[in-house]
Amino acid sequence: MSLGLLLSRWPRRVGASGPAHRLWWSGSVDTVSSVGSWRGWCSRSPAHWSQVVSEAEKIVGYPTSFMSLRCLLSDELSNIAMQVRKLVGTRHPLLTTARGLVHDSRHNLQLRGLVVLLISKAAGPSSMNDSCQNYDMVSGIYSCQRSLAEITELIHTALLVHRGIVNLTELQSSDGPLKDMQFGNKIAILSGDFLLANACNGLALLQNTKVAELIASALMDLVHGVYQEKPTSAKENYITDDIGISTWKEQTFLSHGALLAKSCQAAMELAKHDAEVQDMAFQYGKHMAMSHKINSDLQPFIKEKSSDSMTFNLNSAPIVLHQEFLGRDLWIKQIREAQEKGRLNYAKLCETIKAGKGVTSAIDLCRYHGNKALEALESFPPSEARSALENIVFAVTRFS
């Protein structure tokens, strides 16, 4: 039985939008109240993220959501899916991850592979090196670059699965039986390792040592970044980190930006582009990933209505900026005031944060990174693929 059949009835998530304000820490960036007024706003200007992704997939030749189908339909993963079925009815987070893999309503899962394919097509073959002429090319993209896009998605999916491992020492009675959590952890480790093994095998088949080095370093960055993140806890002394936005950006690049940035650079290496083109691809991937992460962090704060059951990361960009403006002591005081009977009232805390400057500053930071991504694209010739990359930036940075 397939994973999709097991989980196809589960609900989906949706996004939202909000206001825009002026960037306060960088005078070198022209930020205006509407993303549509930015440099080079594409004439088609798709309003919805799903439309942007759909149009981009047509440009690269086929939907990227099927890139890893060979892996997902393998006998090994089918056996894992059967084991995951045993977790249905429990509260193990692996089920949430599996639901997200099947019902990717926000089209976020395949974003990294899609960007790798688009930037490969935007750059085209190298005019200075004809050693790639013997490679198969479909829709302007080398087969090795398509393989790299699959590898990127496999690594990202493996990371999502591994993040679903539960800390058994912090289990509460409401989380369900211990044996369910232990079994779920085993399946999460096994399935994540299986995806990583397939990614490593595909990487070896590319037979390019520089590309292998780039992706290996991205994996190292991912692990480093994840270990720097701290899980949410009920204890206020480490419920939120005392870090500035500069430190947050460094940590976020490691955990969310390095894989896309280095995969874009690796795609240029596979086509034998020079160091300058590789660097521009890296810069686009880096700033696009940063902008996408900040957009994700902003979602709880830009929705029109807050749910009583809502939760959010207390080390996200809006909160780090809120804490910088407010000061650590006042921020801890606000957390205490939002606690009721030992539990944090996220809806109340959300309204407190929205009343400060953190949310509007995070929107500006999102657009700053979007602008830097657009600057990197200027080194690529005008094309449908480049327009699609621009539209992805516009969609991520559009809040009105």
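Residues numbered from 1 in each chain as written. Predicted model: local features only at pLDDT ≥ 70, side-chain atom pairs only at ≥ 80, totals over all residues. Heavy atoms only, no water.

## Here's the deal with the overall build of the chain
Here's step 1: For the chain, the count of helices and strands is 16 helices and four strands.
Here's step 2: Out of the 400 residues belonging to the chain, those deemed buried represent 50%.
Here's step 3: Taking as baseline every contact in the chain between residues at least 6 positions apart, the subset at least 24 positions apart corresponds to 81%.
Here's step 4: If you sum the accessible surface of the chain, you get close to 19300 Å²; carbon and sulfur atoms cover 51% of it. (Helix = DSSP H or I, 4+ residues; strand = E, 2+ residues; numbered from the N terminus. Buried < 20%, exposed > 50% of the residue type's maximum accessible area, 1.4 Å probe, protein only. Contact = heavy atoms within 4.5 Å. Areas by Shrake-Rupley, 256 points an atom, 1.4 Å probe, with all protein chains shown as cover.)

## Some words on the pattern of salt bridges
Here's step 1: Applying the stated criterion to the full structure yields six salt bridges.
Here's step 2: A salt bridge links Glu 269 to Lys 210, with the nearest nitrogen and oxygen atoms 3.8 Å apart. A residue pair is termed long-range when its members are at least 10 positions apart, and Glu 269 in helix 10 (residues 245-270) and Lys 210 in helix 9 (residues 209-228) qualify at 59 residues.
Here's step 3: Among the residues examined, Glu 269 registers a relative accessible area of 13% and is labelled buried.
Here's step 4: Exposure remark for Lys 210: the relative accessible area of 36% places this residue in the partly exposed category.
Here's step 5: Asp 297 serves as the salt-bridge partner of Lys 293, at 2.7 Å between the closest nitrogen and oxygen. Within this pair, Lys 293 and its partner Asp 297 are both found in helix 11 (residues 275-302), separated by four residues, close to a single helical turn.
Here's step 6: Asp 297 gets classed as buried once you look at its relative accessible area, which sits at 8%. (Salt bridge = Lys/Arg side-chain N within 4 Å of Asp/Glu carboxyl O.)

## Focus on helix 15 (residues 358-377)
Since the α-helix packs 3.6 residues into each turn, any two residues three or four apart lie on the same face.
Here's step 1: Over its 20 residues, helix 15 extends 29 Å from the first C-alpha to the last, a length consistent with the 28 Å expected when each residue adds 1.5 Å.
Here's step 2: With respect to burial, helix 15 is a largely interior element, 17 of its 20 residues being buried. (Expected span 1.5 Å × (residues − 1).)

## A closer look at the packing of aromatic side chains
Here's step 1: Evaluation of the coordinates by the stated rule reveals three aromatic pairs.
Here's step 2: A ring pair is formed by Phe 301 and Phe 312, whose centres lie 4.9 Å apart and whose planes are at 55°; its orientation type is tilted. Placement of Phe 301 in helix 11 and of Phe 312 in the loop between helix 11 and helix 12 (317-326) is noted, with a sequence separation of 11 residues between them. A single burial state applies to Phe 301 and to Phe 312, both of which are buried. (Phe/Tyr/Trp six-rings, centres within 6.5 Å; stacked < 30°, edge-to-face > 60°.)

## Digging into helix 2 (residues 49-60)
Here's step 1: The terminal C-alpha atoms of helix 2, which comprises 12 residues, lie 17 Å apart, in line with the 16 Å expected from a rise of 1.5 Å per residue.
Here's step 2: Listed as buried for helix 2 are Trp 49, Val 52, Val 53, Ala 56, Glu 57, Ile 59 and Val 60. Along the axis of helix 2, the buried residues cluster in a sector spanning 155°; they form a single face.
Here's step 3: In the core, the buried residues of helix 2 are packed alongside helix 6 (111-123), strand 2 (141-142), helix 7 (143-162), helix 11 and helix 16 (384-396).
Here's step 4: Two residues or fewer past helix 2, Gly 61 is found with a positive phi of approximately 115°. (Arc of directions from axis to C-beta.)

## Quick look at the packing of helix 11 against helix 12
Here's step 1: Where helix 11 contacts helix 12, the two axes come as close as 7 Å, and the packing angle between them is 75°. Classified by the angle between their axes, helix 11 and helix 12 sit roughly perpendicular to one another. Contact residues: helix 11 offers Ile 294, Asp 297, Leu 298 and Phe 301, while helix 12 offers Ala 317, Pro 318 and Ile 319.
Here's step 2: Along the lines of polarity and charge, the residues of the contact of helix 11 with helix 12 split into six nonpolar, no polar and one charged. (Axes fitted to C-alpha atoms, helices over the stretch in contact; angles between N-to-C directions. Parallel < 35°, antiparallel > 145°, perpendicular 65-115°, else oblique. Nonpolar A, V, L, I, M, F, W, Y, C, P; charged D, E, K, R; others polar.)

## Re the nonpolar core
Burial of nonpolar side chains together is a common tendency in soluble globular proteins.
Here's step 1: Of all hydrophobic cores here, the largest spans 101 residues; its most connected members are Leu 118, Leu 148, Tyr 284, Phe 312 and Ile 392.
Here's step 2: Considering every element that reaches this core, the biggest residue donor is helix 10, with 13 residues. (Core = buried A, V, L, I, M, F, W, Y, C linked by side-chain atoms within 4.5 Å.)

## Overview of the confidence of the model for the chain
Here's step 1: Chain-level pLDDT for the chain is 77 on average; 69% of the residues reach the 70-or-more range.
Here's step 2: Looking at the elements of the chain, mean pLDDT is at its lowest for helix 1 (residues 3-7), recorded as 36, and at its highest for helix 15, recorded as 96.
Here's step 3: With pLDDT under 50 throughout, residues 1-47 is counted as low confidence; its partners more than four residues away or in other chains account for 103 contacts. (pLDDT = per-residue confidence, 0-100.)

## Side note on the packing of helix 6 against helix 16
Here's step 1: The contact between helix 6 and helix 16 brings their axes to 8 Å, and the two run at 145°. Helix 6 and helix 16 meet at a crossing whose hand is left-handed. Of helix 16, the residues touching helix 6 (which contributes Leu 111, Val 115, Leu 118, Ile 119, Lys 121 and Ala 122) are Ala 385, Arg 386, Ala 388, Leu 389 and Ile 392. (Left-handed = near helix turned anticlockwise from the far one by under 90°.)

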